[in-house]
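# Working through the structure, step by step
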Amino acid sequence: MMRILHIILLSLIVVSCNSEPNKNEQSPTTKESTMNSEIDQKVATLLSEMTLEEKVGQMTQITLDVVTKGDNQYSSSQPYSLDSALVHKAIHSYKVGSILNTPGVPLSKEDWYKTIKIFQDEAAKTPRQIPIIYGIDAIHGVNYTIGATLFPQQIGLAATFNKSLVKEVAKVSAYETRASSIPWNFSPVLGLGRNPLWPRLWETFGEDVYLGKTMGVAMVEGYQGTLGDPNTVASCMKHYLGYSVPLSGKDRTPAWIPERELRQYFLPAFKEAVDAGSITLMINSGEINGVPVHASSFLLTDVLRGELGFEGIAVTDWADINYLHTRHKVAETIKDAIKMSVNAGIDMSMVPHDFEFAELLVELVKEGSVSNERIDSAVSRILKVKMQLGLFENPVTDPKNYPDFGSDKFAALSKKAAIESFTLLKNKNNILPLSEGIKILVTGPTANSMRPLNGGWSYNWQGSEADNYADDKNTIADAFSKKVNTTFVQGVTFEGGNTIEAAVKAAAKSDVVLLCLGENSYTETPGNTNSIIMPDNQIELAKALSETGKKIILVLLEGRPIIFNEIEPLVDAVFMGYLPGNYGADALADLVYGVENPSGRLPINYPKHPHAFVNYNHKHSDNIVVPNYYESDYDQQYEFGDGLSYTTFEYSDLSLNAIEMSEDESIEVSVKITNTGNRKGKESVLLFISDLYASITPEVRALKGYEKIELDAAESEIVHFTITKDELSFVNENLKTTAEPGDFEINVGGLKKKIKLK
Ligand code: BGC
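Read on for an overview of the structure.

What counts and what doesn't
Residues numbered from 1 in each chain as written. Predicted model: local features only at pLDDT ≥ 70, side-chain atom pairs only at ≥ 80, totals over all residues. Heavy atoms only, no water. Pairing = 2+ DSSP bridges. Helix = DSSP H or I, 4+ residues; strand = E, 2+ residues; numbered from the N terminus. Axes fitted to C-alpha atoms, helices over the stretch in contact; angles between N-to-C directions. Contact = heavy atoms within 4.5 Å. Parallel < 35°, antiparallel > 145°, perpendicular 65-115°, else oblique. Left-handed = near helix turned anticlockwise from the far one by under 90°. Nonpolar A, V, L, I, M, F, W, Y, C, P; charged D, E, K, R; others polar. Buried < 20%, exposed > 50% of the residue type's maximum accessible area, 1.4 Å probe, protein only.

Moving on, we come to the sheet that holds strand β16 (residues 573–578). Reading across from one edge, β11-β16-β15-β14-β12-β13 is the order of the 6 strands in this open sheet, with mixed pairing throughout. Single-partner strands in this sheet number two, and they are β11 (423–427) and β13 (486–489). Ignoring which end each strand starts from, the neighbouring axes of this sheet average 20 degrees apart. The sheet contact formed by strand β15 (residues 551–557) and β16 spans 5 bridges and is parallel. What sits directly across from V555, in β16, is F575. Along the sheet face, helix α18 (residues 476–483) touches β12 (440–443), β13, β14 (512–518) and β15 and points at about 165 degrees away from the line of β12.

Okay, structure coming up:
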């Protein structure tokens, strides 16, 4: 049967490759559905042969440490090895369909291969020979494989405003993930980073709906390519829905999001990624408006399946069914929790520590509390994804077939992404770029470690092992020392170490100070914070250095915007580096010395005050200024979209092919951009639209288009955008996405024009 399926799949791929684009021809979606219906038939046959225990096993996902030796398998001091009795128990007794995670340390790609091959060989001995699907968080490259190419984290990729670059990065990540024998990637994060306190803000594409959804699609397309191609992986959109804005800012704490806002801000990225073909999705661990998302049949079935038409796997997040009982207290027992969540619409439970889910779900079906139809729909989706990925024919990809893993060309791509992500926010008197003869002091807690360059999910969950596994890569101090006359003095450490006096002495002997501040690596709950004001010792270092009178270039390596208004006036230049990955320091050195020209733009507002967080697309009443009487707090350190270059760009000739349109018409916008400086540079051309009056208070402005271009000195280019009803729409009081007739203002690079929707 496997062989037949393989032939059918191949012939379908051939058919789709040979087809000529033609208006009357089947659209790609129709072609996919033909292929899907073949797979659907195979799934139905297989399903009809399966026992209840086998089906429930497919819905069970365990973490790797359940089948490894020893008690504390996450301890990096303990050598990792599989326990064959436990592997047998998982695959034969419980018929487990999926395994995830790392053993606490990264593995070589060869060890991943051995591990996954053992699972697949066991699965091949079961009556139905259904391969397991292994899943991993390869969120900035396959970050749990030794020697893999680590890229900037998502927030940095967003700052590039370069969709094709992001797609390329995702493609390489997929290739290296398959080189590690893993076909399923728990990425991208499609939540919006709209709460600066949240410890996973850096895992998002920033705060904006349009940027988030377009970057999300680029990443899904890069990961998945053509399904079944062994160089690609299944993407996993996460965390559906509304995970990124807990009210307290702390991970997995309650969110309060009115349905209108859920639909306007948080749903679009998922909708677009579903339309782009993403085949799996992970659920938000938190609760919204008092309802844990894992128990919400409204979100998991009505909206996800009914409205979005998602047909892939919905997997829970870590232990989240159990948390319905132990944390959220909506289920009196674990068994009730399983019933609640499966009936709400989950397909697979990331259990992940034991087999209780499988045992109790069998009982629930036998008792009639969960229907066979519900189980069948979940298992069909799981089998279908396994078939779409080609796992039945090729259950384990062999690293030998991936010669480009960890190659120089992939490193160059990572460096390119880092270069385009660095965002120059201040450059007083054009202090940058520096000339190479200048003596530089490199100092600060983020200056000589690979941890703050990579952030969490790097070699291990918290990224704490980066200095051991990336010691062949350059820290900022390394990269500058290799290039120019550099002195390095730590200044302060995250742990409270203080060599400020030595740093001040070294500054006195240098021409310029490169001050590297920010955060150490973290993610999820360990990254929760009670304050995002820059720590006192970093402020103290900055002040002491400023007293030397030397020029200071501040570099921020951080996962969220750390407030530094106290020292901002003391520094001459500011680079926001986000978490630029293993080649971030090399990228920075090239930028500081003008080998490269900065082109990143902020994908978030950078707040100035600790109690005044406002997103850039705020409401007019967020900014009430009544002189001498009342002023609101819309006063940002830097705004979404900010970012400087070493050259200058002039915008001119904003023109529209019409100034009025009806709902089924569109308006073409064009604008001329000229590089008026004396060096080549890249520019992100951003188009904002303001709805001037609307039934729901309109946003001051919202991003509706962007394009990154590169221009030589004195070169010009015309950039085009199309405005349709979609760009003018919002979610109204009746929860309908609608465009209301009236006036809108287009703004590109400060040039403005009005249009009217009839
Ligand atoms: C995170 C997910 C991740 C999962 C598996 C969870 O704690 O919230 O983003 O994919 O663990 O590692």
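Relative orientation of the contacting elements helix α9 (residues 259–275) and helix α10 (residues 297–307) amounts to 55 degrees, with a least axis distance of 14 Å. Here α9 lies oblique to α10, going by the angle between them. The crossing of α9 and α10 is right-handed. For the pair α9 and α10, contact is made by E259, L262, R263 and L267 and by F298, L299, V303 and E307, respectively. Counted by class, the contact of α9 with α10 contains 5 nonpolar, no polar and 3 charged residues.

Following Y240, the chain continues to L241 via a peptide bond in cis, the omega torsion being 5 degrees. Mapped onto the fold, L241 is located in the loop between β5 (236–240) and α9. Going from V351 to P352, the amide bond is cis rather than trans, its omega being -15 degrees. Secondary-structure assignment places P352 in the loop between β10 (349–350) and α13 (356–367). The phi angle at Y578 is positive, at roughly 55 degrees, despite the residue not being glycine. Residue Y578 is classed as buried on the basis of its relative accessible area, which comes to 1%.

Successive side chains on a regular strand alternate, one facing one side of the sheet and the next facing the other. Judged by how many residues are buried, strand β23 (residues 667–675) sits mostly within the fold: 7 of 9 residues are covered. Where strand β21 (residues 649–656) meets β23, 6 bridges bridge the pair, whose relative direction is antiparallel. Each bridged residue has a counterpart across the sheet, and for S652 the counterpart in β23 is K672. Both β23 and strand β26 (residues 716–723) contribute to a ladder of 8 bridges, which runs antiparallel.

At a minimum axis distance of 9 Å, the contact between helix α19 (residues 500–508) and helix α20 (residues 536–546) shows a crossing angle of 30 degrees. Considering the angle they form, α19 stands roughly parallel to α20. The interaxial crossing formed by α19 with α20 has right-handed handedness. Facing α19, whose interface residues are I500, A503, V504 and A507, α20 presents N537, E540, L541, A544 and L545. When grouped by side-chain class, the residues that make up the contact of α19 with α20 number 7 nonpolar, 1 polar and 1 charged.

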